[in-house]
Amino acid sequence: MTAFDAAVLGGGIMGSATALNLAWGGMRVAVIEKRALGSGASGVNAGTLSLQIKRVALMPYAIRGKELWATTAKRLGVDVHYRVVGGMTLAFTEAEAEALRTRMAERIAAGAGAEMITAARAGEIEPALAGERIVLASYSPLDAYANSSVTGLAYRRALVAAGAEVREGAPVTAIDRAEGAFTITAGGERVVARRLVLAGGAWLKGLLRMVGIEMPIHYRVNQVAVTERTRPLFKAVIMHALGFLTLKQSDNGTVLIGGGWQGFGDPEAGGGEVDAENLVGNLRLARYAMPALAGSRIVRSWAGYEAHVPDFMPLIGPLAGVDDAYVIGCVRGGYTQGPYMGQLLAELILGREPEMPLFNPNRFNEARAAA
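Note that the coordinates shown come from a computational prediction; the quantities given were computed from them, not determined experimentally.

Regarding the sheet that holds strand β15 (residues 246-249)
So, point 1. Strands sit in the order β6-β7-β5-β14-β15-β16-β13-β17 across an open sheet of 8 strands; the sheet is mixed. The strands lining the two open edges of the sheet, one partner per strand, are β6 (115-117) and β17 (298-308). Averaged over all pairs of adjacent strands, the angle between their axes in this sheet comes to 20 degrees, without regard to strand direction.
So, point 2. As judged from the 3 bridges shared by β6 and strand β7 (residues 136-140), these two strands associate in the antiparallel manner. Note on β7: the bridge partner recorded for Ile117 is Ala137.
So, point 3. Helix α5 (residues 94-109) contacts β5 (87-91), β6, β7 and β14 (237-240) of the sheet and is inclined by roughly 25 degrees relative to β7.
So, point 4. Contacts from helix α9 (residues 276-289) reach β5, β13 (218-227), β15, β16 (255-258) and β17, with the element oriented near 55 degrees to β13.

So, in structure tokens, the structure goes:
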């Protein structure tokens, strides 16, 4: 049985980015994914690459992540439809405007590259918006988006080209450790590796339990919808001050509608399901912001899981008590930051000093022990 230098469990953007950087660093890597690469949150999100909606503490990571997205076609050899179109965040009430002022002041100071604009200016930038309903807006010409549905394809091709072994359709059922190596049972086969990286997204809790660690991981079931093709209506990514809306129109004329409205589901039971009532609420807000969408038909909607921990900060680093085991996940806004977060963890595993600090994944257990 061939032994790998590292086995990465989970083929989302963070697991794939970690594995790819390890392979580029000279390691023999196996990526094990229960479905297909990029089929979880990394492939079903709205693809928004905006610094306006990132937490201030994570802004430096988001900036570096967005820089990596700009070079994705060159680095991975696949066009992920990265487009810099600008982004606008809208407030429709005075309360929303006050929240937008407060949040954006902090984010602008942290490097979001945005500015506050009037409703009139918002209408000049995007005439299809319902300008009379806007109280205040922020705008950044740097905001972008990518097509999340091709994320898995891009990383798969890059991983294979780098010499990594990709095993899809292989759910992990056991992780054992003996004689300084991990044996992973997945898809009825075994993989032996010197190092282990857990990158299972919303399925991280179960993987962590396999190595004897409990983590307070929770999840959201975000939903997204897409319209039929329509005439060009707008260029910028449109967002809402309280996070209830994202709108973007792709090159082919379809409009992607999201915003964190919740669906149903349990990661251990299978895929997420769309909540029809919340979907209608999302569509009504989209039409409220952009009346020209009123005649468009929805052709598809879906839901995907997003994992988080109580402090809403990432888990990235070595696992205490399990030598040579690492975790990466629970990154809010992980689509933007994923390529960079994976690079940082790979630097650590390769014995280098990461460019930026990681995020101690043992902090919750340490807090309980100290209590």
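Read on, since the account is not over.
Regarding helix α7 (residues 151-161)
So, point 1. Restricting attention to buried positions, one finds in α7 the residues Thr151, Gly152, Ala154, Tyr155, Ala158 and Leu159. Relative to the axis of α7, the buried residues are bounded by an arc of 160 degrees and lie together on one face. Across from the buried face of α7, at angles greater than 90 degrees, the exposed residues are Arg157 and Ala161.
So, point 2. Gly163 sits one or two residues past α7 and shows a positive phi near 90 degrees.

So, α5
So, point 1. Along its 16 residues, α5 runs 23 Å from first to last C-alpha, staying within 8% of the 22 Å computed at 1.5 Å per residue.
So, point 2. All of the buried residues in α5 are Glu96, Ala97, Ala99, Leu100, Met104 and Arg107.
So, point 3. Tucked into the core, α5 has its buried residues touching α3 (59-70), β5, β6, β7 and β14.

So, the packing of aromatic side chains
So, point 1. Under the counting rule described, the total for this entry stands at 7 aromatic pairs.
So, point 2. When the centroid spacing of 5.0 Å and the interplanar angle of 55 degrees are considered together, the rings of Tyr61 and Phe359 count as tilted. Of the two residues, Tyr61 sits in helix α3 while Phe359 sits in the loop between α10 (334-349) and α11 (363-370), which places them 298 residues apart along the sequence. Each member of the pair, Tyr61 as well as Phe359, carries the same accessibility label: buried.
So, point 3. Consider the rings of Trp69 and Tyr335, whose centres lie 4.6 Å apart with planes at 35 degrees: the pair is tilted.

Quick word on the pattern of salt bridges
Side chains bearing opposite charge may pair, as long as their charged atoms lie close to each other.
So, point 1. Summed over all chains, the structure comprises 17 salt bridges.
So, point 2. For Asp251, the salt bridge is made with Arg83, and the minimal N-O distance between the two is 2.8 Å. You can see Asp251 sitting in the loop between β15 and β16 and its partner Arg83 sitting in strand β4 (residues 83-84), a full 168 residues away along the chain.
So, point 3. Note on Asp251: relative accessible area 60%, which makes it exposed.
So, point 4. Across the pair Asp324 and Arg194 runs a salt bridge whose closest N-O atoms are separated by 2.1 Å. Pair noted here: Asp324 is in the loop between β18 (315-318) and β19 (325-329) and Arg194 is in strand β12 (residues 189-198), with a separation of 130 residues, a long-range link.
So, point 5. When salt bridges that share partners are traced, they join Arg28, Glu165, Arg167 and Glu189 into one network.

A short note on the layout of surface pockets
Here the idea is plain: a probe the size of a water molecule rolls over the atoms and shows the empty space left.
So, point 1. Approximately 430 Å³ is the volume found for the second largest pocket.
So, point 2. Along the walls of the second largest pocket sit 21 residues, with Asn147, Ser149, Ser250, Thr254 and Leu256 positioned nearest its centre.
So, point 3. The set of elements that each furnish at least two residues to the lining of the second largest pocket consists of α2 (41-44), β15 and β17.
So, point 4. Residues belonging to the lining of the second largest pocket are distributed by class as follows: 7 nonpolar, 10 polar and 4 charged.

Here we look at the sheet that holds β4
So, point 1. One open sheet accounts for 3 strands, arranged β3-β8-β4; its pairing is antiparallel. Both outer strands of the open sheet, β3 (48-49) and β4, are each paired with one neighbouring strand and no more.

What counts, and at which threshold
- Residues numbered from 1 in each chain as written.
- Predicted model: local features only at pLDDT ≥ 70, side-chain atom pairs only at ≥ 80, totals over all residues.
- Heavy atoms only, no water.
- Pairing = 2+ DSSP bridges.
- Helix = DSSP H or I, 4+ residues; strand = E, 2+ residues; numbered from the N terminus.
- Axes fitted to C-alpha atoms, helices over the stretch in contact; angles between N-to-C directions.
- Contact = heavy atoms within 4.5 Å.
- Buried < 20%, exposed > 50% of the residue type's maximum accessible area, 1.4 Å probe, protein only.
- Arc of directions from axis to C-beta.
- Expected span 1.5 Å × (residues − 1).
- Phe/Tyr/Trp six-rings, centres within 6.5 Å; stacked < 30°, edge-to-face > 60°.
- Salt bridge = Lys/Arg side-chain N within 4 Å of Asp/Glu carboxyl O.
- 1 Å grid on protein atoms, 1.4 Å probe; cavity = no way out; pocket = protein on both sides within 12 Å on 5 of 7 lines; lining within 4 Å.
- Points joined across faces, edges and corners; volume = space filled by probe spheres on them.
- Nonpolar A, V, L, I, M, F, W, Y, C, P; charged D, E, K, R; others polar.

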